Amino acid sequence: MAAPRDEAGMSAYLSNETRKWQERAREVANRLVRPLAAKYDRLQEYPWEIKEGLAAAGLTGVWIPREYGGAGGSILDLCVIVEELSKACGGVGVLFAVNALGSFPLIVGGTEEQKKRYLPLIARGEKLVAFGLSEKYAGSDAGGMRMRAIESGKHYILNGEKKWNTNGGAADLYTVFAVTDPTSRSRRISAFIVEKGTPGFKIGKVEDKMGIRCVPVVELEADDCRVPAENLLGGKAGFGFKHAMMTLDRARPGVAAQGVGLAAGALEFAQVYANRRIQFGAKISSFQMIQQMLADMAMKVEAARQLVYASAWAVETEAPDTTKMAAMAKCFATDVAMEVTANAVQIFGGYGFMRDYPIEKYMRDAKITQIYEGTNQVQRMVIARNLIKEVGQLTHLESYIPVETQRGVNPEDLVAAEAVGQSS
Ligand code: CAA
């Protein structure tokens, strides 16, 4: 039966087109990614053979519009691919998705010339991209960054450092955010497309990580790095923070999909193991305690998956609650990933703790998904801020809530005092 594709059905069913992407990604994941996952985790090296396989399967440009050489797929297409890859290896899931993160600033804010120049190369998998926002002293508080960019003739001179740059070293292109106007509050930051090999642009410390070990995470250094003015994103200074936030709105469903993939992959292993492992003369899958664990894991995976689909749909349709939906999906699905992968290790028991078995890697890979692209504490803050904004649409409920009175206190004064407190 053909899957319906309409506004109502989108959150529950995938279109035929999306299913094709899903099947293609599943095939690559099972043929190429799963057999190599443990090797590259141990080596902590970039798996170039897997990257070539992803490009050969035509997966690298799915999120890039057709007019710039991509497949013109949707955010949902991107998410189902990330889920399938992450089911086999969380590192490969991000290795793939980080190129979307790095190229979204170009898509949302680049000039026509910049898009034409870079996006087709990314779509063909010829150039890898990284996203340089965080710094040692500016993680959650991304706006507090210090990397400086000063205009000088036909160039901008960049000085400073970036931290936790995923894909750094492997990538050919870097979307780097820097302060162009320290005196401005809302137009302080601009984004630049920095090509590998630009004089003064260096890869610094290469991190030794708990999980996603096949993808490099590095520090970036700009030391009088001369970036051509034509590489200022969008050709106008001061829009970097906005473009970073818009990028994260588009990218967070992908991190959520990574969480779903990790959780679903770990659940499948737990199902197989529980049905094979005999204790007390019976398969442990026949014990109610294990059954409850498996059932809870499955419910949470499916709920997270539906939230990924719903958030991808919100991004695609530019729904007014996109930011909230993306944050909810990212937060929920990656919390599910942590819980489900830890429970899968528990079901494997002593074997789950050992590196001979594939399951402990899922738990290690899952941890970072609660941290990067905005910690889950930041996601909850974003969700709550949006919930508070939505109160403006709920005035019809006001009359149902009694206002208490107390002698000597005017309730309106309390509301006014709270407003002053919030704005200070
Ligand atoms: N879309 C468009 N504009 C937005 C926006 C959005 N979703 N969110 C905020 N903005 C705009 C605001 O409208 C505001 O604009 P004006 O100044 O013109 O009014 C401006 O941005 C500042 O907004 P806030 O006051 O809300 O900003 P804030 O300083 O309070 O920070 C934050 C908000 C949500 C905490 C943000 O700093 C944030 O998301 N932090 C987390 C950073 C993050 O996710 N880092 C991830 C790094 S990438 C990574 O991890 C990748 C990897 O390794 C794979």
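Draft legend 1. Fine view of the overall build of the protein chain. Per the secondary structure count, the protein chain includes 11 helices and nine strands. Taking 424 residues into account, the globule formula puts the C-alpha radius of gyration at 22 Å, and the protein chain, at 23 Å, falls close to it. In terms of principal-axis extent, the alpha carbons of the protein chain reach across some 75 × 70 × 45 Å. Put simply, the protein chain has 424 residues, and 51% of those count as buried. Look at the contacts in the protein chain between residues 6 or more apart in sequence, and 73% of them connect residues 24 or more apart. Carbon and sulfur atoms make up 55% of the accessible area of the protein chain, which amounts to about 20500 Å² in all. In the protein chain, the 51 positive side-chain charges and the 49 negative ones have mean positions that sit 4 Å from each other.

Draft legend 2. The arrangement of the site of the ligand in detail. In the vicinity of the ligand there are 26 residues, among which Ser-140, Thr-166, Ser-186, Asp-249 and Glu-373 approach most closely. Within the backbone of Glu-373, a nitrogen or oxygen atom sits 2.8 Å from an oxygen atom of the ligand. Within the backbone of Gly-374, an N or O atom sits 3.0 Å from an oxygen atom of the ligand. In isolation the ligand exposes 1100 Å². Once the protein is present, 74% of that is buried. Put simply, the parts of the chain that give the shell around the ligand at least two residues each are β3 (155-166), α6 (240-276) and α10 (376-390). In terms of residue count, the dominant contributor to the shell around the ligand is α6 (seven residues). Residues of the shell around the ligand, tallied by class, amount to 13 nonpolar, seven polar and six charged. Residue contributions to the shell around the ligand reach at least three from each of two domains, namely domain 2 (130-237) and domain 3 (242-389).

Draft legend 3. Structural context of the domain arrangement of the protein chain. For the protein chain, the domain assignment lists domain 1 (11-127), domain 2 (130-237) and domain 3 (242-389). Distance between the C-alpha centres of domain 2 and domain 3: 30 Å. Residue-level contacts link nine residues of domain 2 with 12 residues of domain 3. Of the roughly 880 Å² buried between domain 2 and domain 3 on both sides combined, carbon and sulfur atoms contribute 74%. If you look at where domain 2 meets domain 3, you find zero salt bridges. For the interface between domain 2 and domain 3, the tally reads two residue pairs in polar contact (both at pLDDT 80 or more).

Draft legend 4. Seen up close, the nonpolar core. If you look at the biggest cluster of nonpolar residues, it comprises 119 residues, and the most contacted ones within it are Leu-59, Trp-63, Phe-96, Leu-158, Phe-192, Val-194 and Ile-347. Apart from residues lying up to four places away in sequence, Val-194 is in contact with Leu-158, Asp-172, Leu-173, Tyr-174, Val-176, Phe-201, Cys-225 and Val-227.

Draft legend 5. Molecular detail of the environment of Glu-390. Mapped onto the secondary structure, Glu-390 falls in helix α10. Along the primary structure Glu-390 and Asp-321 are separated by 69 residues, whereas in three dimensions their C-alpha atoms are 9.5 Å apart.

Reading the values: rules and limits
Residues numbered from 1 in each chain as written. Predicted model: local features only at pLDDT ≥ 70, side-chain atom pairs only at ≥ 80, totals over all residues. Heavy atoms only, no water. Helix = DSSP H or I, 4+ residues; strand = E, 2+ residues; numbered from the N terminus. Rg over C-alpha atoms; globule rule 2.2 N^0.38 Å. Buried < 20%, exposed > 50% of the residue type's maximum accessible area, 1.4 Å probe, protein only. Contact = heavy atoms within 4.5 Å. Areas by Shrake-Rupley, 256 points an atom, 1.4 Å probe, with all protein chains shown as cover. Lys, Arg positive; Asp, Glu negative; His and termini not counted. Charge placed at Lys NZ, Arg CZ, Asp CG, Glu CD. Near = heavy atom within 4 Å. Polar contact = N/O pair within 3.5 Å; in protein donor to acceptor, adjacent residues only side chain to side chain. Nonpolar A, V, L, I, M, F, W, Y, C, P; charged D, E, K, R; others polar. Domains from an automatic or database assignment. Buried area = accessible area lost by both parts, 1.4 Å probe. Salt bridge = Lys/Arg side-chain N within 4 Å of Asp/Glu carboxyl O. Core = buried A, V, L, I, M, F, W, Y, C linked by side-chain atoms within 4.5 Å.

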